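The chain contents come next:
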Amino acid sequence: MSVQWNEMIVADARALRASEIRDLLKVAERPEIISFAGGVPDPKLFPLATFNDVYGDLTGDEQAGRRSLQYSISEGLPGLRQWVTDDLAATGAVRDIDNILITCGAQQGLDMLARLLLEPGREIVLEKPSYLGAMQAFSMRRPSYVGIAMDEDGPVIAELDAAFAKGARIAYLSPDFQNPTGRSYSLDRRLTVLETARKYGAVILEDAAYCKLAYEGESLPSLLALDDTQGDPDAGTVIQLGTFSKTLAPALRIGWITAPRPVIRQLVLMKQAGDLHVSTINQEIALRAASKLFPSHLETLQDAYRAKRDVMLNALADFMPEGVSWSRPQGGMFVWLTLPDNINSRELLIDAMEDAKVAFVPGQAFFCDQSGINTARLSFATESSERIRDGIERLALLIRRKDNQ
């Protein structure tokens, strides 16, 4: 008798669905496709020369090289955790090294926090729209999603308050240059979000993946920085996720969780049971590269992405027909497109790929309630300025044609 695999796989695993973004990337890699689909850094901006130096320095030092190839502690290298602690302190978020856990990218952080905090039926509040990768991580625990609307300043507080009043005690939020919309919270809204969470004793999971990719405007404190714990490493409302994937290189797979010590202690046990620790050599390389590169490399990234963003925004203004609107992000990698109500972005994508040779991500995938059928995410990060303008013009012509049918 053969194994009945559908019966063997547990319900938590069956809750997972394929990533629309990952599937798109397979097609968008064809050279004739102008891709606004992938939310990935521009590989031309990876600091190869610095990585060449730090790898050589590390492996050329016999003692350090051998140490970097050995097992390490589950919390993460003390030097790297101290770097994160110092970097947070520079932004006003004063925490202790024991408040930091190094993870295999921020995505592992999301997965670990889902396994720590969620269970079938437990409610978690999400922005509408929200990061698809977070929903994938959360969905394996089969929670109940509570979507709340956003305006230009952040989450609609009346809806956040109502969600907490009905029993939700966890909210996943992205205050800076959100994936997928590129929007950021105002300072007043950040303070009110924190005040609302404290009112109900709720936990905020703050995704800070794009916070260093700021191109203009005032630099605002994170929710973590505003969550004053009076120096108590065991207290706090905010758990923050950070990463080097957008500022150094995704392949390092170096992220971190900043959380009160009781949370970190439990996560360390989960890390020990899962993969023991993040790659020692990758942690060492990340520490050495960040120490050499920041802040100058951040300025290089900001200049490059700002220029691409401006090209996309100008092209949208030049070519898009009446009835189409878009976000104007002050940082990050994304512009959020809202189409006329009669256009389904999933259907538009099919024609865009076949006829216009342009790829994007339909917005519906980012909504926990599967709304947003007339929205789309455009990334300006990887294409050249010339191809960005060309791709937007092609897409605009297709939208104009669709809208007139």
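One structure accompanies this document, and this report is about it. Please read these numbers as outputs of a predicted model, since none were measured by experiment.

Cut-offs used in this document
- Residues numbered from 1 in each chain as written.
- Predicted model: local features only at pLDDT ≥ 70, side-chain atom pairs only at ≥ 80, totals over all residues.
- Heavy atoms only, no water.
- Helix = DSSP H or I, 4+ residues; strand = E, 2+ residues; numbered from the N terminus.
- Rg over C-alpha atoms; globule rule 2.2 N^0.38 Å.
- Buried < 20%, exposed > 50% of the residue type's maximum accessible area, 1.4 Å probe, protein only.
- Contact = heavy atoms within 4.5 Å.
- Areas by Shrake-Rupley, 256 points an atom, 1.4 Å probe, with all protein chains shown as cover.
- Lys, Arg positive; Asp, Glu negative; His and termini not counted.
- Charge placed at Lys NZ, Arg CZ, Asp CG, Glu CD.
- Pairing = 2+ DSSP bridges.
- Right-handed = clockwise from strand over helix to strand, strands pointing away.
- Disulfide = S-S within 2.5 Å.
- Salt bridge = Lys/Arg side-chain N within 4 Å of Asp/Glu carboxyl O.
- Axes fitted to C-alpha atoms, helices over the stretch in contact; angles between N-to-C directions.
- Phe/Tyr/Trp six-rings, centres within 6.5 Å; stacked < 30°, edge-to-face > 60°.

On to the overall build of the protein, then. Counting its regular elements, the protein contains 16 helices and 14 strands. At 22 Å, the protein has a C-alpha radius of gyration in line with the 22 Å of a compact globule built from 405 residues. Within the protein, buried positions represent 53% of all 405 residues. The contacts of the protein with a sequence gap of at least 6 include a subset with a gap of at least 24, amounting to 74%. Surface accessibility of the protein: about 17800 Å² in total, with carbon and sulfur atoms responsible for 50%. Distance between charge centroids for the protein: 4 Å, based on 43 positive and 54 negative side chains.

What follows covers the pairing of strand β3 (residues 123-128). The two faces of a sheet get side chains in turn, since along a regular strand they alternate between them. In terms of strand pairing, β3 meets strand β4 (residues 144-151) through 6 bridges, oriented parallel. Bridge assignment links Ile 124 to a residue of β4, and that residue is Tyr 145. Inspection of the sheet shows β3 paired to strand β6 (residues 170-173) by 2 bridges, in the parallel sense. When the sheet's bridge partners are listed, Val 125 is paired in β6 with Ala 171.

Our focus in this paragraph is the pairing of β4. Remark: the β3/helix α8 (residues 132-139)/β4 crossover connection has right-handed handedness. Looking at chain direction, β4 and strand β5 (residues 154-155) are connected through 2 bridges and run antiparallel. Bridge pairing links Met 150 to Pro 155 in β5. Hairpin connection, β4 to β5: the antiparallel pair is bridged by 2 residues.

To continue, consider α8. Burial runs high along α8: 7 of the 8 residues are buried. Those residues of α8 that sit buried are Leu 132, Gly 133, Ala 134, Met 135, Ala 137, Phe 138 and Ser 139.

Moving on, we come to the state of the cysteines. Going through the model one piece at a time under the given rule, you end up with 0 disulfides. Note on Cys 211: no disulfide assigned, nearest cysteine sulfur contributed by Cys 104 at a separation of 19 Å.

What follows covers the pattern of salt bridges. For the structure on display, the rule yields 24 salt bridges. Taking the shortest distance from any N to any O, the salt bridge between Lys 128 and Asp 369 comes out at 3.1 Å. Note that Lys 128 is positioned in strand β3 and Asp 369 in the loop between β13 (361-362) and β14 (375-379), a separation of 241 residues in sequence. Asp 369 sits in the partly exposed class, given a relative accessible area of 41%. We note a salt bridge from Lys 271 to Asp 275, for which the minimum N-O separation is 2.6 Å. According to the relative accessible area criterion, Asp 275 is partly exposed, its value standing at 31%.

It is worth spelling out the sheet that holds β13 at this point. Within the open sheet, the 4 strands sit side by side as β10-β11-β14-β13. Their pairing is antiparallel. Both outer strands of the open sheet, β10 (325-326) and β13, are each paired with one neighbouring strand and no more. Looking at chain direction, β13 and β14 are connected through 2 bridges and run antiparallel. Bridge pairing links Val 361 to Arg 377 in β14. Each of β10, β11 (334-338) and β14 touches helix α14 (residues 296-319); the most contacted strand, β11, lies at about 20° to it.

Here a ring pair, both rings aromatic, is described through the centre-centre distance and the interplanar angle of the planes. Scanning all chains against the criterion turns up 9 aromatic pairs. Centroid distance Tyr 210 to Phe 334: 5.6 Å. Interplanar angle 75°. Geometry classified as edge-to-face. A residue pair is termed long-range when its members are at least 10 positions apart, and Tyr 210 in the loop between β7 (203-207) and α11 (223-226) and Phe 334 in strand β11 qualify at 124 residues. The class for Tyr 210 is buried, based on a relative accessible area of 7%. Of the aromatic side chains, those joined through ring pairs into one cluster are Trp 83, Phe 244, Trp 256 and Phe 294.

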